[in-house]
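For reference, the chains in residue letters:
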Amino acid sequence: MTGAWPASAVCWVLVVTLVVALGACVGRPGSELLQPARAERGNRNVTIFVATLRTPEPGSGTAFTSGHSQTLRFARYVISIPPTHRTDVIEWPSDPPDPATDFVTVEAARLSEAEFRAGMASAEGDGRSIRLFVHGYNNSFQETVYRLAQITADAHDNRVAVLFAWPSKGRTLSYSADRAAAAASTDGLARTIDILAARSRARVVVLAHSMGGWLTMETLAKMSRERRRAVFEKFSNVVLAAPDIDVVDMVRQLEIIGRLPRPLTLLVSSDDSALNLSRIITGGRRVGADDVHDPWVQAAAKRYGARVVDISELTTSDSFRHARFTAMVALYSKFQAQIEDPLGKRYAGPGVFVFKAATSTLEPVDR
């Protein structure tokens, strides 16, 4: 039997061909990255705390797999940053790793919950706030640890780095499996937030990327339904970077959550190739590709108390333009007051904005 393929079948063939080609072109780092190596005197070290629902890797005292655990586990890693580090880049370790040129794990340890809580308490005593990073689809455990190490190194803001590592399969063709794993991780993320917000002076910035944005919104919706919103007061900012969330799903989540005590921040760009692929796979318009000039987006931002920022002007080392937010991290101190100081003259409250790379400022969009 012959004839033309349906358009949907053609789309799927194109998607599968592209993601397989991309996966074949790029080698993925293995869990050996997390085995401690020698430190280089004078290098900057960053500490990453981890809360995870991944299962421990058999025979390893430091790594975790893509398997899902019902037990929330904790760990701590210290990553050495080379003096040659370039902003927005992870200098992946060679074999053997060279601390003069590579990111290198120099300490790794599993923690009890009590030890994890003690680490958070110590940070609070030093007056430091917390950055909780929730990663996206198609990430291995070691990739997420090193990504947060890069973000922490580039931010220079002295925040405590905490990773919530949900059990992504770390495979390009496992989108549906990752969505299911994210959906099964809301209890773990809610408990992590509760732990981080437990102390009276705690201040938490949530940074969620891609599918991690969907997981974060599902978790906040769950906590809202369970009348656990008091912890939201501890959020100094909730940022969804390139959120891989269907627009209809996002409205459902926002109707449950309502307005947060401080504006929800959405970082979007319409030329995000990964979200364009997600739209083809799921059939739904993605929030992370929203157009800030769209009147519907502008009205929704005002209604739900959201700050929608187009970051398309930023250049990035990511060819898919899906991790563009990592280039923004190093600039944060320049526009931090616009985000975190409601009394500031240039405070960017609910509404739509364009991030101007030349001046590192958020500029409001006129209708």
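All of the points below concern the structure found in this document. All chains use their own residue numbering, which begins from 1 and follows the written sequence. For a predicted model such as this one, the threshold for reporting local features is a pLDDT of at least 70, and the threshold for listing and counting side-chain atom pairs is 80 or more; totals across whole chains, interfaces and linings nevertheless cover every residue. Side-chain metrics rest on all non-hydrogen atoms present in the structure, leaving aside hydrogens and water.

## Considering the nonpolar core
- For our purposes a nonpolar core is just a set of buried Ala, Val, Leu, Ile, Met, Phe, Trp, Tyr and Cys residues, chained together by side-chain atoms within 4.5 Å. Only protein chains enter the accessibility calculation, which uses a 1.4 Å probe. A residue is then buried if its area is under 20% of the maximum for its type, exposed if over 50%, and partly exposed in between. With 59 residues, the main nonpolar core has Leu132, Val162, Phe164, Leu240, Met250 and Leu264 as its most contacted residues.
- Going along the chain from the N terminus, every DSSP run of H or I of four or more residues is numbered as a helix, and every run of E of two or more is numbered as a strand. Here the element with the most residues in this core is helix H6 (residues 211-225); it accounts for 7 residues.
- Among all residues touching methionine 250, those that are not within four sequence positions of it are Met217, Leu240, Ile245, Leu264, Leu266 and Val287.
- Grouped together as the second largest cluster of nonpolar side chains are 44 residues, Phe64, Ile81, Ala155 and Leu267 included. Whether two residues are in contact is decided by their heavy atoms: any pair within 4.5 Å suffices.

## Things to note about the pairing of strand E7 (residues 235-241)
- In terms of burial, E7 is a largely internal element, 7 of the 7 residues being buried.
- Strands are labelled as partners when DSSP assigns at least two bridges between them. Relative to E7, strand E6 (residues 204-209) is paired through 6 bridges, and the arrangement is parallel. Bridged to valine 205 within E7 is asparagine 237.
- With respect to chirality, the unit in which E6 leads through H6 into the neighbouring parallel E7 is right-handed.
- When E7 meets strand E8 (residues 264-268), the two strands line up parallel, connected through 4 bridges. Paired with valine 239 across the two strands is threonine 265, which belongs to E8. A clockwise course of the path from the first strand over the helix to the second, judged with the strands pointing away from the viewer, identifies a crossover as right-handed.

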